[in-house]
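Structural overview for review
As a plain string of letters, each chain reads:
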Amino acid sequence: MDRYVIVLEADPAAQNLCAYAPDLPGCVAMGKTVEETVRLMRESLWLHLASMRRDGDPIPPALHRVGDPVEYSDTVIGMVEITTRPIRGAVTAA
């Protein structure tokens, strides 16, 4: 079971949050609250991994962990690990 890290960043000018997964380039989400952003990022992860599986692309391992340094540490408000077991199961069955 992989646990992908997502990075949450605040954008005060836009008054929202952005999330991305360092191990899955291009997998991003934006929301108004932490809860909404994490929920949207879970959906984004599922869709991203499902598309990779459908296209025959290899699923990258989760290499980053909470606490790893990130490029813009002055804007990071948190890092969250998301378990992909349901995603992998759903994608494999598809």
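Just so we're clear, the structure is a prediction, and the values are computed from it rather than from any experiment. (Residues numbered from 1 in each chain as written. Predicted model: local features only at pLDDT ≥ 70, side-chain atom pairs only at ≥ 80, totals over all residues. Heavy atoms only, no water.)

Regarding the overall build of the protein
Applicable threshold: Only DSSP runs of H or I with at least four residues qualify as helices, and only runs of E with at least two residues qualify as strands; both kinds are numbered from the N terminus onward. The classification of residues rests on relative accessible area computed with a 1.4 Å probe and restricted to protein chains. Under 20% of the type maximum is buried, over 50% is exposed, and intermediate values are partly exposed. The criterion used for residue contact is that any of the two residues' heavy atoms lie within 4.5 Å.
For the protein, the helix and strand inventory stands at 2 helices and 4 strands. From first element to last, N terminus to C terminus, the protein shows the α and β order β-β-β-α-β-α. When burial is assessed residue by residue, the protein has 36% of its 94 residues classed as buried. By sequence separation, contacts in the protein at least 24 residues apart represent 54% of the contacts at least 6 residues apart.

Quick notes on the nonpolar core
Nonpolar side chains in soluble globular proteins generally cluster together in the buried interior. The criterion, for reference: Each nonpolar core is a collection of buried residues, namely Ala, Val, Leu, Ile, Met, Phe, Trp, Tyr and Cys, held together in the definition by side-chain atoms within 4.5 Å.
Counting residues in hydrophobic clusters, the biggest one holds 15 residues, and the most contacted among them are Tyr 4, Ile 6, Ala 21, Leu 24, Met 41, Leu 45 and Leu 49. Mapped by element, the contributors of at least two residues to this core are strand E1 (3-11) and helix H1 (34-54). Per-element tally for this core: the top contributor is H1, with 5 residues.

Observations regarding the side chain of Ser 44
By the secondary structure assignment, Ser 44 is in helix H1. Take Ser 44: its relative accessible area is 15%, and that puts it in the buried class. In contact with Ser 44, not counting residues within four places along its chain, are Cys 27 and Val 28.

Some details on the pattern of salt bridges
For the record, the criterion: For salt bridges, the criterion is a side-chain nitrogen of Lys or Arg within 4 Å of an Asp or Glu carboxyl oxygen.
Inspection of the entire model under this criterion finds 2 salt bridges. For Glu 43, the salt bridge identified is with Arg 39, shortest N-O distance 3.2 Å. Here Arg 39 and Glu 43 lie together in helix H1, a separation of 4 residues that amounts to about one turn. Using a relative accessible area of 43% as the deciding quantity, one classes Arg 39 as partly exposed. Of the charged contacts, one joins Arg 54 and Asp 55 as a salt bridge, the two residues approaching to 3.5 Å between their closest N and O atoms. Take Arg 54 and Asp 55: they sit in the same class, and that class is exposed.

Examining the confidence of the model for the protein
We count it as follows: As a per-residue measure, pLDDT reflects the predictor's confidence and takes values from 0 up to 100.
Scored by pLDDT, the protein comes out at a mean of 77, with 70% of its residues at no less than 70. Per-residue pLDDT, averaged within each element of the protein, yields its smallest value for helix H2 (residues 85-93) (45) and its largest for strand E3 (residues 28-31) (94). Every residue in residues 87-94 scores below 50 in pLDDT, and together they form 13 contacts with partners more than four places removed in sequence or on other chains.

Details of the pairing of strand E2 (residues 16-20)
This is how the line gets drawn: Any two strands between which DSSP finds at least two bridges are classified as paired.
Taken together, the 5 bridges between E1 and E2 define a ladder with antiparallel strand orientation. What sits directly across from Asp 11, in E2, is Asn 16. The turn linking E1 back onto E2 is made up of 4 residues, and Gln 15 within it adopts a positive phi angle of 55°. Across 4 bridges, E2 lies against E3 in antiparallel orientation. Its bridge partner being in E3, Tyr 20 is matched across the sheet by Val 28.

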